[in-house]
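# Inside the fold
Letter by letter, the chains look like this.
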Amino acid sequence: MTAPFSVTAPELAAKIGGRLEGPADGPPITGVSAIAESGPEHVTFLGNPKYAAKLDACPARAALVPETYRGGFAGARIVVEDPSLAFVEVVKMFLPPPVGYSPGVHPTAVVAPDATLGDAVVIGPHVVIEPGAKVGDRTILGAGTYLGHGASVGADSHIYPRVTIREHCRIGARAIIHSGVVIGSDGFGFSLVEGRHRKIPQVGMVQIDDDVEIGANTTIDRARFGRTWIQEGTKIDNLVQVAHNVVVGKHSLLVAQAAIAGSTTLGNYVTLAGQVGVAGHLHLADRSIVAAQGGVGRDLEEGEVMWGSPALPMRQQKELIIHWKNLGKLFKRVKAIEQSRAEDAGK
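Notes on the structure in this doc start here. These figures come from a predicted structure and were not determined experimentally. (Residues numbered from 1 in each chain as written. Predicted model: local features only at pLDDT ≥ 70, side-chain atom pairs only at ≥ 80, totals over all residues. Heavy atoms only, no water.)

## What about the overall build of the chain?
- The secondary structure content of the chain amounts to five helices and 39 strands.
- Taken against the 2.2 N^0.38 rule, which gives 20 Å for 347 residues, the C-alpha radius of gyration of the chain at 27 Å runs more than 25% over that of a compact globule.
- Its C-alpha atoms give the chain principal-axis dimensions of about 95 × 80 × 30 Å.
- When each of the 347 residues of the chain is scored for burial, the buried share is 40%.
- Intrachain contacts of the chain at a sequence separation of at least 6 include 18% that bridge at least 24 residues.
- As displayed, the chain has an accessible area near 18400 Å², and 57% of this comes from carbon and sulfur atoms.
- One finds the centroid of the 33 positive side-chain charges in the chain at a distance of 7 Å from the centroid of its 34 negative side-chain charges. (Helix = DSSP H or I, 4+ residues; strand = E, 2+ residues; numbered from the N terminus. Rg over C-alpha atoms; globule rule 2.2 N^0.38 Å. Buried < 20%, exposed > 50% of the residue type's maximum accessible area, 1.4 Å probe, protein only. Contact = heavy atoms within 4.5 Å. Areas by Shrake-Rupley, 256 points an atom, 1.4 Å probe, with all protein chains shown as cover. Lys, Arg positive; Asp, Glu negative; His and termini not counted. Charge placed at Lys NZ, Arg CZ, Asp CG, Glu CD.)

Have a look at this one:
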């Protein structure tokens, strides 16, 4: 990644509070990059020791490295406590200026007369705001966004284009909601009556607390009654499904393609990795973790780390994988023993 900005290695070290080692002179740095993509004009970083050998051969002008690095990188080494975290600040230096938004309501937007708009809001093209809806101060509603009857979005939130927030749903302050998200679609509820699936009305709502981020094309269903609730600080990746009456605790992480069935509750600081599936009416206690593609069918205790489908404790699942890999050898051994015994019996 490049931008119209340059800095020398000593200047960069000073800006981030790092210690410069190696060549201090040389051409300025004009971009940032991962190790594998670096050129002589870039700064990179060593976030994982397993990539140390690749850094040794990297042509980058400079690299952020930890105190423990003892490799042979030829460029300037900027020693910091946490290279990954420090690199975030470096990337910010090279970013182009952020996109600016002028407060106001676009002429093509449709805003109900009794909707409430806070100060310095940005209402983009073709936005629809229904009666009784509320938009907090300095909040941005991107092009084509729909805010339903009686729904609300708190202050300083950024709703990207083509988001749907249906009736009576509540979004807190400083929310970031990416394109394609649907909040408040009907929960998947049907009852089999006389051979036909009859729809069960979904009359609840969705509550999203402050400082929540929701990735593109995620869907969060409204409650059958009451609320589906995403609590403060939780971060949700793209393509996640949250069903009716689910409660997700504070500061949890839901990674891409995770799905949570109805009426399940997650505690605080829970992590669901990619493609995790959680059955309904369960409770996952605080700080529990489910690794990628795990299938959870029981309650989890605080701090449990699970993997596999059905999900088992991580250590147990790893042991089973080793056993599965050895099944072929075990089969051959058993077959050889049986053959030897058969031969002995025939003598």
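Now that the structure has been shown, the text picks up again.
## Digging into the pattern of salt bridges
- As enumerated under the stated definition, the model contains 13 salt bridges in all.
- The salt bridge involving Lys92 is made with Glu89; its shortest N-O contact spans 3.3 Å. Residue Lys92 and its partner Glu89 are both found in helix 3 (residues 83-94); the two are separated by three residues, about one turn of the helix.
- Under the relative-accessibility criterion, Lys92 is labelled partly exposed at 49%.
- When its relative accessible area of 40% is taken as the criterion, Glu89 is described as partly exposed.
- A salt bridge links Lys199 to Asp186; the shortest N-O distance between them is 3.1 Å. Remark: Asp186 occurs in the loop between strand 20 (182-185) and strand 21 (190-193) and Lys199 occurs in strand 22 (residues 196-199); sequence separation between them is 13 residues. (Salt bridge = Lys/Arg side-chain N within 4 Å of Asp/Glu carboxyl O.)

## What to know about the packing of aromatic side chains
- In total, this model carries three aromatic pairs according to the counting rule given.
- Between Phe5 and Phe94 the ring centres are 5.0 Å apart and the planes differ by 85°, which places this aromatic pair in the edge-to-face class. Taken together, the positions of Phe5 in strand 1 (residues 2-7) and Phe94 in helix 3 put the pair 89 residues apart, joining distant regions of the chain.
- Taking the centre distance of 4.4 Å and the plane angle of 25° together, the rings of Phe45 and Phe87 count as stacked. (Phe/Tyr/Trp six-rings, centres within 6.5 Å; stacked < 30°, edge-to-face > 60°.)

## Quick word on the environment of Leu46
- With respect to the helices and strands, the residue Leu46 is situated in the loop between strand 4 (42-45) and helix 2 (52-56).
- Note on Leu46: relative accessible area 5%, which makes it buried.
- On a C-alpha basis, the gap between Leu46 and Tyr69 in space is 8.7 Å, while along the polypeptide they are 23 residues apart.
- Beyond its immediate sequence surroundings of up to four residues, Leu46 is in contact with Ile35, Tyr51, Ala52, Leu55, Leu64, Val65, Pro66, Tyr69 and Pro83.

## Thoughts on the nonpolar core
- In this structure, Leu272 and Leu284 are the most contacted members of the largest nonpolar core, which totals 50 residues.
- Contacts of Leu272, omitting those with residues within four sequence positions, involve Leu253, Leu254, Val255, Ala258, Ile260, Leu266, Val278, Leu284 and Val290. (Core = buried A, V, L, I, M, F, W, Y, C linked by side-chain atoms within 4.5 Å.)

## Observations concerning the sheet that holds strand 38 (residues 305-307)
- With respect to topology, 12 strands assemble into an open sheet ordered 7-10-13-16-19-24-27-30-33-36-38-39, the strand pairing being mixed. Two strands close off the open sheet at either side, each with one partner strand: strand 7 (104-105) and strand 39 (312-313).
- Where strand 19 (residues 176-177) meets strand 24 (residues 213-214), two bridges bridge the pair, whose relative direction is parallel. Bridging from a neighbouring strand, Ile177 pairs with Ile214 of strand 24. (Pairing = 2+ DSSP bridges.)

## Things to note about helix 1 (residues 9-16)
- Of all the residues in helix 1, the buried ones are Ala9, Leu12, Ala13 and Ile16. Viewed along the axis of helix 1, the buried residues span an arc of 100°, placing them on a single side of the element. Every exposed residue of helix 1 that faces more than 90 degrees away from the buried side is listed here: Ala14 and Lys15. (Arc of directions from axis to C-beta.)

## Section: the sheet that holds strand 11 (residues 128-129)
- Spatially, the 10 strands line up as an open sheet ordered 8-11-14-17-20-25-28-31-34-37, and their pairing is parallel. Strand pairing shows two members of the sheet lacking a second neighbour, strand 8 (110-111) and strand 37 (295-296), which therefore form its edges.
- Note: strand 8 against strand 11, two bridges, orientation parallel. When the sheet's bridge partners are listed, Val110 is paired in strand 11 with Val128.

## Re the side chain of Gln231
- By the secondary structure assignment, Gln231 is in the loop between strand 26 (227-230) and strand 27 (235-236).
- Not counting residues within four places of it along the chain, the set of residues in contact with Gln231 comprises Asp209, Val212, Val247, Val248, Gly249, Lys250 and Asn268.

## Structural notes on the environment of Arg61
- Inspection of the secondary structure assignment puts Arg61 in the loop between helix 2 and strand 5 (62-65).
- As a C-alpha pair, Arg61 and Glu41 span 20 residues in sequence and 5.7 Å in three-dimensional space.
- Within the local environment of Arg61, its side chain forms a polar contact with the backbone oxygen of Pro27, the two atoms lying 3.1 Å apart. (Polar contact = N/O pair within 3.5 Å; in protein donor to acceptor, adjacent residues only side chain to side chain.)

## Comments concerning helix 3
- The end-to-end C-alpha distance of helix 3 is 17 Å, a good match for the 16 Å that 12 residues give at a rise of 1.5 Å each.
- Among the residues of helix 3, those classed as buried are Pro83, Ala86, Phe87, Val90 and Phe94. Take helix 3 and look down its axis: the buried residues cluster within an arc of 105°, on one side only.
- Of the residues flanking the start of helix 3, the one acting as N-cap is Asp82, its side-chain oxygen 3.2 Å from the backbone nitrogen of Ser84. (Expected span 1.5 Å × (residues − 1).)

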